[in-house]
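Structural description and commentary
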Amino acid sequence: MLTFTVIGCLLTAHLQSSLPDEKEDESDEDESLSCPTINSPSTEAAIGENVTLKCSSETGSPPINYTLYKGTDRVLPPASKKKKGEEAAFHFTMNSISELGEYKCKAENKFNENKYSLGFNFTLRESVSQPVVNSSSTDVRIGENVTLSCFSRTGSLPITYTLYKGTDRVLPSASKNKRGEAAEFHFPINSISGLGEYKCKAGNNFSTGKYSLGFNFTMRAGEDNNLAVFIVPPLLLLLLALVLTVPLLILPRCKAGKQRDIPRTVFVPTSYPGSENDVTYAEIAHEKIQEEYINLEFSIEKEKVRKVSFRDPTAVVYSEVIKK
């Protein structure tokens, strides 16, 4: 019945605008009532916020009575206006989400004309609640496709959901415009690292976003063999690398230590024109085998100091030198 009344109101307004004025001096007492309009200073409202709806008819014989309805329920008592075009303001509090439904205004005058406005809807201005993330199964195996759903019970629409693993975004964000609709994310578990913690972030135009608690997948029972396939080969490679590397590091040091412990005997060739019993032996210590020279002193009447080379092949008499 309300729908037919609104349609009839629109047709009446169209006919009135298309017909010429019959008499310029026609009295306002006989003017037909036009369909009222309904509006508000703001189309957004938060729970607990005071709001205002205004109703008015452009034409009609005053006084005009205005009544505000939500569905078929009257919201407040009627307001009567005695001036043509005067607005009726209705003030009330938005106490719950259920009060965000459609509002309409009814106008009537003394000629029992009843006209209804078009519907008016408030948009909820509310930050999102902490989302919940869950899956139909917590046990998975490597290579299996899984689904995680995210849902916030309250919040202004649209709500944008994003799935994270650690600090990395798993998939592109999903936006939902229906209240109570969850966002679903489908992806495969390709490796053991895919079993880590997942979190869901929900946000809208009135909040920066809130995160869910963590969700973890677990390896399905009986998949231990598959797990070993991924763990054992890297361990074997690491062990093999250690076996090959340790000898290369230890053996050179062992050889160097043994060479330092073995005494070296060096014969120093000298030449002396006297008796070989007058030779004085010298003990020489050196680190490297290289061309070196020493001073030898002989206990004879005619002492001579001579530089000789360790490697001089012309030497006749040899002195034994022990390197320590």
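Residues numbered from 1 in each chain as written. Predicted model: local features only at pLDDT ≥ 70, side-chain atom pairs only at ≥ 80, totals over all residues. Heavy atoms only, no water.

1. Quick word on the state of the cysteines
Evaluation of the coordinates by the stated rule reveals two disulfides. The partner cysteine of C55 in its disulfide is C105, sulfur to sulfur 2.3 Å. Handedness here is read from the sign of the S-S torsion; for C55 and C105, about 140°, the answer is right-handed. Of this pair, C55 sits in strand 3 (residues 50-56) while C105 sits in strand 8 (residues 103-108), and the two are 50 residues apart along the sequence. Across the pair, exposure class does not vary: C55 and C105 are buried alike. Two residues, C150 and C200, share a disulfide whose sulfurs are 2.3 Å apart. Of note, the bridge from C150 to C200 carries an S-S torsion of about 140° and is right-handed in sense. Linking C150 in strand 13 (residues 145-151) with C200 in strand 18 (residues 197-204), this pair joins segments that are 50 residues apart in sequence. The exposure class of C150 is buried, given its relative accessible area of 0%. (Disulfide = S-S within 2.5 Å. Helix = DSSP H or I, 4+ residues; strand = E, 2+ residues; numbered from the N terminus. Buried < 20%, exposed > 50% of the residue type's maximum accessible area, 1.4 Å probe, protein only.)

2. Looking at the pairing of strand 13
Each regular strand carries side chains that alternate between the two faces of the sheet. Note: strand 11 (residues 132-134) against strand 13, three bridges, orientation antiparallel. By the bridge assignment, N134 is partnered in strand 13 with S149. Sheet topology places strand 13 next to strand 17 (residues 183-188); six bridges connect them, and they run antiparallel. Directly across from V146, in strand 17, lies its bridge partner F187. (Pairing = 2+ DSSP bridges.)

3. Re empty space enclosed by the protein
All told, the structure shown has one cavity of 30 Å³ or more when counted by the stated rule. The computed volume of the largest cavity comes to approximately 60 Å³. What lines the largest cavity is a set of 13 residues, and nearest its centre among them are S152, L157, I159, R179 and G180. Here the lining of the largest cavity is built from residues that sort into four nonpolar, four polar and five charged. (1 Å grid on protein atoms, 1.4 Å probe; cavity = no way out; pocket = protein on both sides within 12 Å on 5 of 7 lines; lining within 4 Å. Points joined across faces, edges and corners; volume = space filled by probe spheres on them. Nonpolar A, V, L, I, M, F, W, Y, C, P; charged D, E, K, R; others polar.)

4. Here we look at the packing of aromatic side chains
Applying the stated criterion to the full structure yields eight aromatic pairs. Aromatic side chains F92 and Y103 sit 5.4 Å apart centroid to centroid with 35° between the ring planes, which places their arrangement in the tilted category. Of the two residues, F92 sits in strand 7 (residues 88-93) while Y103 sits in strand 8, which places them eleven residues apart along the sequence. Y103 shares its class with F92; the two are buried. Here Y164 and Y211 contribute two aromatic rings whose centre-to-centre distance is 6.1 Å and whose plane-to-plane angle is 55°, an arrangement assigned as tilted. With Y164 in strand 14 (residues 159-165) and Y211 in strand 19 (residues 207-211), this residue pair connects regions lying 47 residues apart in the sequence. For Y164, a relative accessible area of 18% translates into the label buried. We classify Y211 as partly exposed; its relative accessible area is 41%. Every member of this aromatic cluster is reached through a ring pair, and the members are F92, Y103, F120 and F122. (Phe/Tyr/Trp six-rings, centres within 6.5 Å; stacked < 30°, edge-to-face > 60°.)

The quantities given are spatial measurements derived from coordinates; they are silent on function.
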